[in-house]
Amino acid sequence: MKTGSTIIKQTVRTADVTVSGLLIALVFVATEFINIRLPISVNGGLIHFGNVMLFVSSILFGRKKGALAGAFGMGLFDIVSGWMAWAPFTFIIRGVMGYIIGTIANNKNKNGSSFLYNLTAIVVGGIWMIAGYYLTEVILYGNWLSPMTSIAGNIIQIAIGAVVGLPLVSALKKFKIFNK
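Just so it is clear, the model here is predicted, and its values are computed rather than measured.

1. Things to note about the overall build of the protein
Secondary structure summary: the protein contains 6 helices and 2 strands in total. Taken from N to C terminus, the helices and strands of the protein fall in the order α-β-β-α-α-α-α-α. When contacts within the protein are restricted to residue pairs at least 6 apart in sequence, long-range pairs at least 24 apart make up 69% of them. Entry remark: accessible area of the protein is about 9,800 Å², with carbon and sulfur atoms responsible for 72%.

What follows is the structure, encoded as structure tokens:
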């Protein structure tokens, strides 16, 4: 009996690691390759679909996998794209963001099926992201004023992610594309 239990636990762990790895890859690829670099603030700006994949990962697979996908997927993007100074901050900000979104979207047995809970999750996670990146810019640039110019771009990122991500979540749940 103990041997069978060990095999089941090992299979579940293997599946979790595999799914987590795939979600991390989706977030990274969507951030790296589906993006538009815009001069939306004094400090530059990047609108990318990594948020879409982070939202989908967190809502459909929960807070732990959402946190892993956001932290490692976007942290890796910063490293390979030459934004090394940002990577530790991104790792924390996006990891916590994924955790927040996954927690709220799956609260009260909603399991990511409530549009209102999902939207609320993205808004709360987005507020965390905006605050986190504001403080990051204060630390990196030593200035309290110039980071304010990045807030509009971050809001646009979150809005685009929500506009694309929420219908995608609904479609994936409706057509039962995944199995939690």
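2. Here we look at the packing of helix α4 (residues 87-105) against helix α5 (residues 115-141)
At a minimum axis distance of 8 Å, the contact between α4 and α5 shows a crossing angle of 165°. By the angle class used here, α4 and α5 are roughly antiparallel. Note on packing geometry: the crossing formed by α4 with α5 is right-handed. Considering only residue class, the contact of α4 with α5 consists of 18 nonpolar, 7 polar and 1 charged.

3. Re the side chain of S58
Residue position: S58 is located in helix α2 (residues 50-61). Beyond its immediate sequence surroundings of up to four residues, S58 is in contact with R63, G66, G98, I101, G102 and N106.

4. Structural notes on the packing of aromatic side chains
One pass over the structure, following the stated rule, counts 5 aromatic pairs. Note on F72 and F91: the rings are 4.9 Å apart at their centroids and 90° apart in plane angle, and the pair reads as edge-to-face. Taken as a pair, F72 in helix α3 (residues 63-80) and F91 in helix α4 lie far apart in primary sequence, 19 residues in all. The structure contains a cluster of three or more aromatic residues connected by ring pairs, namely W83, W86, Y133 and Y141.

5. Concerning a nonpolar patch on the surface
Taken together, the side chains of L68, F72, F91, I92, V96 and W128 make up a nonpolar region of the molecular surface, amounting to roughly 500 Å² of accessible area. Elements supplying a minimum of two residues to the nonpolar patch: α3 and α4.

6. As for the layout of surface pockets
Its volume calculated, the second largest pocket comes out at about 160 Å³. As for the second largest pocket, its lining consists of F61, G62, R63, K64, K65, G102, T103 and N106. Of all the secondary structure elements, the ones that give two or more residues to the lining of the second largest pocket are α3 and α4. Of all the elements, α3 adds the most residues to the lining of the second largest pocket, at 3 residues. Partitioned by chemical class, the residues of the lining of the second largest pocket number 1 nonpolar, 4 polar and 3 charged.

7. What to know about the pattern of salt bridges
Under the definition given, this model contains 1 salt bridge. Here D16 ties to K65 by a salt bridge, and the two come within 3.0 Å at their closest N and O atoms. Of this pair, D16 sits in helix α1 (residues 2-33) while K65 is found in helix α3, placing the two residues 49 residues apart along the sequence. Judged by relative accessible area, which is 34%, D16 ranks as partly exposed. Taking relative accessible area as the criterion, K65 reaches 15% and is therefore assigned buried.

The rules behind each value
Residues numbered from 1 in each chain as written. Predicted model: local features only at pLDDT ≥ 70, side-chain atom pairs only at ≥ 80, totals over all residues. Heavy atoms only, no water. Helix = DSSP H or I, 4+ residues; strand = E, 2+ residues; numbered from the N terminus. Contact = heavy atoms within 4.5 Å. Areas by Shrake-Rupley, 256 points an atom, 1.4 Å probe, with all protein chains shown as cover. Axes fitted to C-alpha atoms, helices over the stretch in contact; angles between N-to-C directions. Parallel < 35°, antiparallel > 145°, perpendicular 65-115°, else oblique. Left-handed = near helix turned anticlockwise from the far one by under 90°. Nonpolar A, V, L, I, M, F, W, Y, C, P; charged D, E, K, R; others polar. Phe/Tyr/Trp six-rings, centres within 6.5 Å; stacked < 30°, edge-to-face > 60°. Patch = residues over 30% accessible without salt bridge, like charges linked within 9 Å, V, L, I, M, F, W, Y side chains within 5 Å. Salt bridge = Lys/Arg side-chain N within 4 Å of Asp/Glu carboxyl O. 1 Å grid on protein atoms, 1.4 Å probe; cavity = no way out; pocket = protein on both sides within 12 Å on 5 of 7 lines; lining within 4 Å. Points joined across faces, edges and corners; volume = space filled by probe spheres on them. Buried < 20%, exposed > 50% of the residue type's maximum accessible area, 1.4 Å probe, protein only.

Bear in mind that shape data such as this cannot, by itself, settle questions of function.
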